[in-house]
Amino acid sequence: MNVSFILLAIITVVGTAAAMGMRNAVHCVLALTVGLAGVAALYLQLGAQFVGFTQIMVYVGAVAILAVFAIMMTHSPEPAKPPTFSSFWTVGSVVAASVFAVLAWAIHSSSLAAHTLPPQPEVTVQQIGDALMHRFVLPLELMGLLLTAALIGAVVIAMNHREEIK
Amino acid sequence: MNSLQNYLLLSSLLFSIGLAGALIRRNAILVLIGIELMLNAANLNLIAFWRFGPNPAALTGIMFAIFSISIAAAEAAVGLGIILAAYRHSKTTDLDRMNSLRG
Amino acid sequence: MNLKLDQLDQIFVILNNWLLGYLPPVVRPLCSSILAIALILVTFALLFAITTVLERKGLGRIQNRFGPNRVGPCGFLQPIADGIKSLTKEDIVPNPADHVVHFLAPVLLVAAAFMAYAVLPIGRNMILVDMNAGVLYFFAIGSLMELAVFMAGWSSRSKYSLLGAMRAIAQMISYEVPLVLASIVVIMQSGSLSTVSIVNMQATYTGIWPHWFVFTPWGFAGFALFMIAATAESNRSPFDLPEGESEIIAGYYTEYSGFKFALFFLGEYIGMFATSAMAITLFLGGWSAPFSFLTWIPSYFWFFAKLLTIILTFIWVRGTLPRLRMDQLMNLAWEFMLPMTLLNLLTAGVWHFMPAGALRWLICGAMVVVPCILLSRGLKQRKKFQVRKYRFSE
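Residue positions within a chain follow its written sequence, with the count starting from 1. Labels are handed out in written order, letters beginning with A for the chains and numbers beginning with 1 for the ligands. Where local features are concerned, this predicted model is filtered to residues with pLDDT of at least 70; where side-chain atom pairs are given and counted, the filter is 80 or more; whole-chain, interface and lining totals use all residues. Excluded from the side-chain calculations are hydrogens and water; all other atoms, namely the structure's heavy atoms, are used.

Structural notes on the overall build of chain A
Basically, it comes down to this: Per the convention used, a helix needs a DSSP run of H or I reaching at least four residues, while a strand needs a run of E reaching at least two, with both numbered from the N terminus. Buried residues are those whose accessible area, probed at 1.4 Å on protein chains only, stays under 20% of the maximum for their type, while exposed residues exceed 50% and partly exposed ones sit between those limits. Contacts were defined at the residue level, with two residues in contact if any of their heavy atoms lie within 4.5 Å. Computed with the Shrake-Rupley method and a 1.4 Å probe, the accessible areas treat only the protein chains shown as cover for residues.
In terms of helices and strands, chain A carries seven helices and zero strands. Along the chain direction, N to C, the helices and strands of chain A fall in the order α-α-α-α-α-α-α. Going through the 166 residues of chain A one by one, you find that 40% of them count as buried. Taking contacts inside chain A between residues at least 6 apart in sequence as the whole, the part at least 24 apart equals 54%. With an accessible surface of roughly 9300 Å², chain A has 73% of that area assigned to carbon and sulfur atoms.

Set out below in structure tokens:
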């Protein structure tokens, strides 16, 4: 366990916990970007450069911006602030805590300690591209189809239908 | 305690935070973000297993992570679109008040 | 003679190694990067100062007036006066503002803008980190700037700021798509995301001509599209709606004053230099000389010569073109830029697989020019001359 891992883990956990616990929705999204940047840094630490930068680009550049846009567009005009947490928040947190307990117990009691760290693999972007174009070409095509469908679907769902009604 | 276990513990903690958020937040957008966090925890697991696994040259973990990130992006776009449509309909993103099936 | 010129070319690398020779080997990598970062910060901050004078004087000339000419010789010490002014001004934060986010926004903007320089090769062997995924890093850092803009606009709790931020983000997201797609042609052709190998690939010569990517049909189209998108990304005129002075005061930094305002200015210009430097790296051969008989001039000289040329073009464009309307802006992004960049990808593929010769030039040139004409004519035909109706003004 080294210092950089501990630091990044603290950043990630604090950021994501703040994202799920703060009152103001925009603050939540800003905290989320900190947490997800921490995850991206963890990827970099593990030697997955491409995935780390993709993570920053997709989550900080796209998902966070989309989320704040959605928050701005759904800003309710009512002055009274509703409670942040749902009515059954005790049940929810107990469920989440027990899930964590079970997972942690399973990880702790597994035989993973036998694994030793293999030498840092040299992963170039070229190799990733080759793999995407040869071994994983079908999933890649499917992903393209899925993203196109999602693009069109999101536009159709979010489009303003008021003009047609008039 | 070796390093893989640390990564797995961290990712399970992330997953639980995301799960807690998805279960207890009232704002639909933040519920969606909780789901994104759970997906991220899975990605961290995939990358950690790739790094500590027996055959990192096969790049399987990285590929899974890349596809998972793209699916998460598509999910976020469609999810936020649905939330916007629902907001236009019921004038709220509060999930406790979105409790009627009739239009 | 030849050796000496080579030393002049590598003078910063040699100096760096010489300085590091006096340090214990443990701290050498750290000190080397600190030295390089300091040098980058100083150089580009200085370039920012020079650019502000050039811009004000250039715009002055275009608008038939003098521009700043009081401070120092020909007004060239104006930025120092401006800096002192903004440092001594009161730093006003609006009372309802979100103080933490309000403070963090300019810091994040400037930090992100400077972080982009880590992967830009300024000269031969002069790069901070030769990253394997350098271009991807550059665009990932660029997306941080959008977040900073949003933070600035939202935390000010002002209508003008929020409107400006929303306009800026909508514009930056829309133009990021053509920006990335326009650079993909280079990545396809060079087979690498590393900026160093992209430049090395262009730094070879046939006869006296260099192999810059801009000298191919797809490269030229890619360069033009990249520069249009870069202008929009850095919120410069004619795409300066986010800070349209006549409409929303100053956009997302309306509520900033004193040095924070200057930081926004700095961040915006530094970001503009970074995208221009990326355009140079991708299409204009980075630090390589334009003719093979000019390679004796140091590589960093060529880099900065190209950068200044692009900056001057930016100033020229700003002085010439009027601001676009919001719908024109979005139509340009989605109906012209996006199809053109996609077609350009196809053209690059055809270029790659066809045998070299005049036929390849003809076909690829036609593949770029014909859709360009068709698309721009198609856009024009819808423009009817009639009394325009504004939905919100009636």
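So, the interface of chain A and chain B
Convention followed: A quick way to say it: buried area is the sum, across both parts, of accessible area lost when two parts are put together, with a 1.4 Å probe. A pairing counts as a salt bridge when a side-chain nitrogen of Lys or Arg comes within 4 Å of a carboxyl oxygen of Asp or Glu. Pairs of N or O atoms are called polar contacts if they sit within 3.5 Å, as long as, within protein, a hydrogen donor faces a hydrogen acceptor (for residues adjacent in sequence, only side-chain-to-side-chain pairs). Polar here means any residue outside two lists: the nonpolar Ala, Val, Leu, Ile, Met, Phe, Trp, Tyr, Cys and Pro, and the charged Asp, Glu, Lys and Arg; Gly therefore counts as polar.
Facing 86 residues of chain A, the contacting portion of chain B comprises 67 residues. Where chain A abuts chain B, roughly 6800 Å² becomes buried across the two surfaces, and 76% of that area is made up of carbon and sulfur atoms. The largest contributions to the chain A side of the interface with chain B come from Met20, Leu46 and Thr74 of chain A, which together make up 11% of the buried area. Our count for the contact surface shared by chain A and chain B stands at zero salt bridges. For the pair chain A and chain B, the interface holds nine residue pairs in polar contact (both at pLDDT 80 or more). Where the side of chain A that touches chain B is concerned, the elements lending two or more residues are helix H1 (3-21), helix H2 (25-45), helix H3 (49-73), helix H4 (89-109), helix H5 (125-133) and helix H6 (137-158) of chain A. Considering every element that reaches the side of chain A that touches chain B, the biggest residue donor is H3 of chain A, with twelve residues. Counted by class, the side of chain A that touches chain B contains 62 nonpolar, 21 polar and three charged residues.

Things to note about the side chain of Asn40 of chain B
Mapped onto the elements of the fold, Asn40 of chain B is located in helix H2 (residues 28-52). By relative accessible area, which is 0% here, Asn40 of chain B ends up buried.

Remarks on the interface of chain A and chain C
In this complex, chain A contributes 22 residues to the contact, which on the side of chain C involves 26 residues. Contact between chain A and chain C buries roughly 2000 Å² in total, counting both sides, with carbon and sulfur atoms accounting for 80%. Between the two partners, chain A and chain C, sit zero salt bridges. Linking chain A with chain C are four residue pairs in polar contact (both at pLDDT 80 or more).

Regarding the environment of Leu23 of chain C
Counting through the fold element by element, Leu23 of chain C comes out in the loop between helix H2 (11-20) and helix H3 (28-62). When the C-alpha positions of Leu23 of chain C and Ala348 of chain C are compared, they lie 49 Å apart, and in sequence the two are 325 residues distant.

Overview of unusual backbone geometry
Residue and element names in this part refer to chain C. For Arg157, which is not a glycine, the phi torsion comes out positive at approximately 55°. Mapped onto the fold, Arg157 is located in the loop between helix H6 (134-155) and helix H7 (159-190). Positive phi, normally seen in glycine, also occurs at Asn235, with a value near 55°. The exposure class assigned to Asn235 is buried, which follows from its relative accessible area of 3%.

Here's the deal with the confidence of the model for chain B
All names here are of chain B. Just so we agree on the cut-off: Each residue carries a pLDDT value, the predictor's own confidence for that position, ranging from 0 to 100.
With 95% of its residues at a pLDDT of 70 or more, chain B has an overall mean of 84. When mean pLDDT is taken per element in chain B, H2 scores highest with 88 and helix H3 (residues 60-90) scores lowest with 86. Complex prediction metrics read pTM 0.86 and ipTM 0.84.

So, the packing of H3 of chain C against helix H12 (residues 299-320) of chain C
All names here are of chain C. Applicable threshold: Each axis is a line fitted through C-alpha atoms, taken for helices only over the stretch in contact, and angles between the N-to-C directions span 0 to 180 degrees. The crossing is said to be left-handed when, going from far helix to near helix, the turn is anticlockwise and less than a right angle, and right-handed when the turn is clockwise.
One way to put it is that H3 packs onto H12 with a least axis distance of 10 Å and a crossing angle of 35°. Judged by the twist between their axes, the crossing of H3 over H12 is right-handed. Note on element contacts: H12 touches H3 through Phe303, Phe304, Leu307, Leu308, Ile311, Leu312, Ile315, Trp316, Arg318 and Gly319, opposite Thr43, Phe44, Leu47, Thr51, Leu54, Glu55, Gly58, Leu59 and Ile62. Residues of the contact of H3 with H12, tallied by class, amount to 13 nonpolar, four polar and two charged.

Digging into the arrangement of the chains
Considering every one of the two pairs of chains in contact, the largest contact total is recorded for chains A and B. Considering only C-alpha positions, the minimal separation of the non-contacting chain B and chain C is 14 Å.

Regarding the nonpolar core
Stated formally: Residues enter a nonpolar core if they are buried and are Ala, Val, Leu, Ile, Met, Phe, Trp, Tyr or Cys, with the set joined through side-chain atoms within 4.5 Å.
Residues Ile62 of chain B together with Phe44, Phe226 and Phe273 of chain C are the most contacted members of the largest nonpolar core, which totals 175 residues. The dominant element in this core, judged by the number of residues it contributes, is H6 of chain C, at 16 residues. In this view, Phe226 of chain C contacts Phe139, Leu179, Ala182, Ser183, Thr275, Met278, Ala279, Leu282 and Phe283 of chain C; residues no more than four positions away in its chain are not counted. Leu19, Ala20, Ala22 and Val31 of chain B belong to the second largest nonpolar core, which has six residues in total.

So, a nonpolar patch on the surface
All names here are of chain C. What counts here: Patch members must show over 30% relative accessible area and no salt bridge, and they are joined within 9 Å when carrying like charges or within 5 Å when they are nonpolar side chains of Val, Leu, Ile, Met, Phe, Trp or Tyr.
Together, Leu8, Ile11, Phe12, Leu15, Trp18, Leu19, Tyr22, Leu35 and Leu39 make up a nonpolar patch on the protein surface, roughly 860 Å² of accessible area in all. Among the secondary structure elements, those contributing two or more residues to the nonpolar patch are H2 and H3. The dominant element in the nonpolar patch, judged by the number of residues it contributes, is H2, at five residues. Topologically, Trp18 is positioned in helix H2.

Things to note about the confidence of the model for chain A
Averaged over every residue, the pLDDT of chain A is 81; residues scoring 70 or more account for 84%. Model confidence for chain A, summarised as mean pLDDT per element, is weakest for helix H7 (residues 162-165) of chain A at 52 and strongest for H2 of chain A at 89.

Some details on helix H9 (residues 217-233) of chain C
In an α-helix there are 3.6 residues to a turn, and that puts residues three or four apart on one side. All names here are of chain C. Which entries qualify depends on this criterion: What a helix should span is 1.5 Å times the count of its residues minus one.
Compared with an ideal rise of 1.5 Å per residue, which puts 17 residues at 24 Å, H9 spans 24 Å between its outermost C-alpha atoms and is within 8% of the ideal. Along H9, 14 of the 17 residues are buried, which leaves the element largely enclosed by surrounding structure. The first or second residue beyond H9 is Asn235, which carries a positive phi of 55°.

Focus on the pattern of salt bridges
Residues and elements named next belong to chain C. Evaluation of the coordinates by the stated rule reveals four salt bridges over all chains. Between Glu55 and Arg318 there is a salt bridge, with its nearest N and O atoms 2.9 Å apart. Taken together, the residues span a long stretch of sequence, with Glu55 in helix H3 and Arg318 in helix H12 at a distance of 263 residues. Classification of Glu55 as buried rests on a relative accessible area of 2%. Overall, Arg318 belongs to the partly exposed group, its relative accessible area being 30%. A salt bridge links Asp82 to Arg56, with the shortest nitrogen-to-oxygen separation between them at 3.0 Å. On the criterion of sequence distance, the pair formed by Asp82 in helix H4 (residues 78-88) and Arg56 in helix H3 is long-range, its members being 26 residues apart.

So, the side chain of Thr216 of chain C
All names here are of chain C. Mapped onto the elements, Thr216 comes out in the loop between strand S2 (209-210) and H9. According to the relative accessible area criterion, Thr216 is buried, its value standing at 12%. A polar contact of 3.1 Å, which involves the side chain of Thr216, links it to the backbone nitrogen of Gly219. Leave out the neighbours within four places in its chain, and Thr216 touches Trp351 and Trp361.

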